[in-house]
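Understanding the architecture of this molecule
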Amino acid sequence: MERREFLKSSCNVCLMLTAGLILPMLPGCGPAAYQVIHTEVRNDLIEIPLSSFTQQSPLQLVRPNGWLYAIAVRKKEDSTYSALLLKCTHQDNQLTASANSFNCSLHGSAFNTEGAVTKGPAEKHLKQYTVSADQTNLTIHLKAS
Ligand code: FES
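So, here's what we can say about the structure. (Residues numbered from 1 in each chain as written. Predicted model: local features only at pLDDT ≥ 70, side-chain atom pairs only at ≥ 80, totals over all residues.)

**A look at the sheet that holds strand 3 (residues 59-64)**
Note: strands within a sheet are paired through backbone hydrogen bonds, in either parallel or antiparallel orientation. The seven strands lie next to each other as 1-3-4-5-10-11-2, forming an open sheet whose pairing is mixed. Looking at the sheet topology across the chains shown, the edges are occupied by strand 1 (36-39) and strand 2 (45-49). Shown here is a sheet whose adjacent strand axes are inclined to one another by a mean of 30°, direction ignored. Bridging between strand 3 and strand 4 (residues 71-75) involves four bridges; their strand directions are antiparallel. (Pairing = 2+ DSSP bridges. Helix = DSSP H or I, 4+ residues; strand = E, 2+ residues; numbered from the N terminus. Axes fitted to C-alpha atoms, helices over the stretch in contact; angles between N-to-C directions.)

**Remarks on the nonpolar core**
Grouped together as the largest cluster of nonpolar side chains are 22 residues, with contacts concentrated most on Ile71, Ala72, Val73, Ala83, Leu84, Leu86 and Phe102. Where this core is concerned, the elements lending two or more residues are strand 4, strand 5 (81-85), strand 6 (95-97), strand 7 (102-104) and strand 11 (137-141). Examining the composition of this core, we find that four residues originate from one element, strand 5, more than from any other. Once residues within four sequence positions are removed from consideration, phenylalanine 102 is found in contact with Ala72, Leu86, Leu95, Ala97, Phe111 and Leu126. (Core = buried A, V, L, I, M, F, W, Y, C linked by C-beta atoms within 7 Å. Buried ≥ 20, exposed ≤ 12 C-beta atoms within 10 Å, placed from the backbone. Contact = placed C-beta atoms within 7 Å.)

**Focus on the pairing of strand 10 (residues 128-133)**
Two strands pair when backbone bridges link them, and strand 5 and strand 10 are joined in this way by two bridges, in the antiparallel orientation. Following the sheet pairing, alanine 83 is matched in strand 10 by tyrosine 129. Once strand 10 ends, the chain turns through three residues before running back antiparallel as strand 11.

**Brief notes about the environment of phenylalanine 111**
Within the fold, phenylalanine 111 resides in strand 8 (residues 110-111). Through-space distance from the C-alpha of phenylalanine 111 to that of glutamate 123 is 10.0 Å; in sequence the pair is 12 residues apart. Ignoring sequence-local partners within four residues, the contact set of phenylalanine 111 consists of Ser101, Phe102, Ala116, Val117, Thr118 and Leu126.

**Overview of the environment of isoleucine 71**
One can find isoleucine 71 in strand 4. We classify isoleucine 71 as buried; it has 26 C-beta atoms within 10 Å. Each C-alpha atom of the pair isoleucine 71 and glutamine 60 lies 8.2 Å from the other, and the pair is 11 residues apart in sequence.

**Quick look at the sheet that holds strand 8**
The strand order 6-7-8-9 describes an open sheet built from four strands, whose pairing is antiparallel. Both edges of this open sheet fall to strand 6 and strand 9 (117-119), since each of them pairs with a single strand only.

**Looking at the pairing of strand 4**
Successive side chains on a regular strand alternate, one facing one side of the sheet and the next facing the other. Within strand 4, four of the five residues are buried, leaving the element largely enclosed by the surrounding structure. The turn joining strand 3 and strand 4, which pair antiparallel and follow one another in sequence, is formed by six residues; a positive phi near 90° is taken by glycine 66. Relative to strand 5, strand 4 is paired through five bridges, and the arrangement is antiparallel. Bridge assignment links lysine 75 to a residue of strand 5, and that residue is tyrosine 81. Here strand 4 folds back onto strand 5 in antiparallel fashion, the turn holding five residues, of which serine 79 has a positive phi close to 65°.

Okay, structure coming up:
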């Protein structure tokens, strides 16, 4: 192998290794941090099993079929639940979820787990849905909020 060929192939290997290490750290470039539950809307209600929530996974992302946005459903420490639409209130971009925030990749807005703006340019809270629970299911009420 000639020197030029060796350098070229070595650089390609370095680029691939760098991309493999850095891309997963960038929001939106790595594998999804949370599994998305795909579901149907019936009578303006969405039901998901309470068994979806565990101590290790108190946050579930629910995406009704045909919707552009997911709903982040969180089991809080006091065993109540919240449901927030992951649609940026600045210019409607989809938000990504992390452990303690929801972030917009378009202009950098961030929201806390209660849906309040922690970083602009967004100014409004995320849309919150009313939720209720019985022995087995959590119900998200799309009309009542
Ligand atoms: S659309 Fe989210 S910050 Fe602009």
